[in-house]
Amino acid sequence: MKKRILVVSSANMDMVQKVSRVPFSGETILEHGGTYSYVPGGKGANSAITMARLGADCVFMCKVGDDPNGKRLTSLYKSEHIDTRYMIVDKESPTGLASILVESNGANRIIVFPGANGTMTGKDVEGAFNCYPDAVYLQFEIPDEAVIEACRIAHRKDIPIFIDAAPAREDFPLEAVAPVEMFSLNETETMIFTGIDPTSDANCLRAAIKLRNRTGAKYVVLKLGERGAFLFDGEEFYNYPAEKIDVVDTTAAGDVFTAALTCYYMENGNIGAAIRFGNAAAALSVSRAGASSSIPTLAELNEYKKEKDEGSPEE
Ligand code: RIB
């Protein structure tokens, strides 16, 4: 039977603007060559869609507004075979919106207006545990109270917790989530939580030890962009190089990586293989535009891996 993963996190509509460069303060740019579009996003939704497309039994608990964006997102999740039973429609707040600028090198800048995501309470989260999850997956795009309550319930029920610590907030009480199975974060988030720039193995290790001490994580996984991923298991550290691929848009790559890693790990229990699986999923995501629109299916991922193996020289 497939593992059931409960994602308690955020849902946004992304307004994506593709620009040749971002404006300076006070500057107006007429972007003749650019485009804009509305693409379903949100760190939680991107993760839930990744899990569903990779074959997991995903239950998504989030809050949306009673508006057209909320309806569009809900029907997308249903069409992706995500269990939406525990989603809440907030009559008072709009659906979350992210404003995303994507430059020609694929790098992005994101501002999130939380809307209904920002009203999730500890009480809201409780009911979702009735789905008997095998794992709980959390991010920080919802209020701290909701994250901490989800961890409290998961600990009580002995359910492993996976945290993708995005977006980072210096004042988030990391000790309140301990102990977790896996704690994953990118370079910026590592800097914010530890004050250490993960530019070398020594710095990655110092940061990972600090994070492990605070979260009690069995595994700390640092996402280092084009340098790949760094794993610390409490004793040793390991480097996993990123896949070589032409970058179109990095939006959601971090969400896809950690969600894919979690699915694989839950099914197979091998953290190294799970990170390699996450790297491949993230590579396909950065080769495509947008958030949810960039997420690969299991068939696409298998095809990519097959082509890569066939293309590699014989030993
Ligand atoms: O990680 C990418 C996501 O961050 C976007 O989809 C946006 O909605 C923000 O949550």
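Up top you'll find the structure we're talking about.
Residues numbered from 1 in each chain as written. Predicted model: local features only at pLDDT ≥ 70, side-chain atom pairs only at ≥ 80, totals over all residues. Heavy atoms only, no water.

A. Structural view of the layout of surface pockets. When its volume is computed, the largest pocket comes out at roughly 1300 Å³. Lining the largest pocket are 50 residues; nearest its centre among them are N186, G225, T250, A253 and G254. Those elements that place two or more of their residues in the lining of the largest pocket are β2 (12-18), α1 (43-53), β7 (96-102), β8 (108-113), α5 (187-194), α7 (253-268) and α8 (271-286). When residues of the lining of the largest pocket are assigned to their parent elements, the largest contribution, 5 residues, is made by β8. The residue inventory of the lining of the largest pocket, partitioned by class, reads 23 nonpolar, 14 polar and 13 charged. (1 Å grid on protein atoms, 1.4 Å probe; cavity = no way out; pocket = protein on both sides within 12 Å on 5 of 7 lines; lining within 4 Å. Points joined across faces, edges and corners; volume = space filled by probe spheres on them. Helix = DSSP H or I, 4+ residues; strand = E, 2+ residues; numbered from the N terminus. Nonpolar A, V, L, I, M, F, W, Y, C, P; charged D, E, K, R; others polar.)

B. Up close: the side chain of T50. By secondary structure assignment, the location of T50 is in helix α1. Polar contacts involving the side chain of T50 include one to the main-chain carbonyl oxygen of N46, which spans 2.7 Å. The residues contacting T50, other than those within four sequence positions of it, are V256, A259, A260 and I295. (Polar contact = N/O pair within 3.5 Å; in protein donor to acceptor, adjacent residues only side chain to side chain. Contact = heavy atoms within 4.5 Å.)

C. Molecular detail of the pairing of strand β1 (residues 4-8). By the criterion of burial, β1 is predominantly enclosed, with 4 of the 5 residues buried. Strand direction decides the pairing type here: β1 and strand β4 (residues 57-61), joined by 5 bridges, are parallel. Paired with R4 across the bridge in β4 is D57. Here β1 runs beside strand β9 (residues 135-139); their pairing, made up of 4 bridges, is parallel. If you follow I5 over to β9, its bridge partner there is A135. (Buried < 20%, exposed > 50% of the residue type's maximum accessible area, 1.4 Å probe, protein only. Pairing = 2+ DSSP bridges.)

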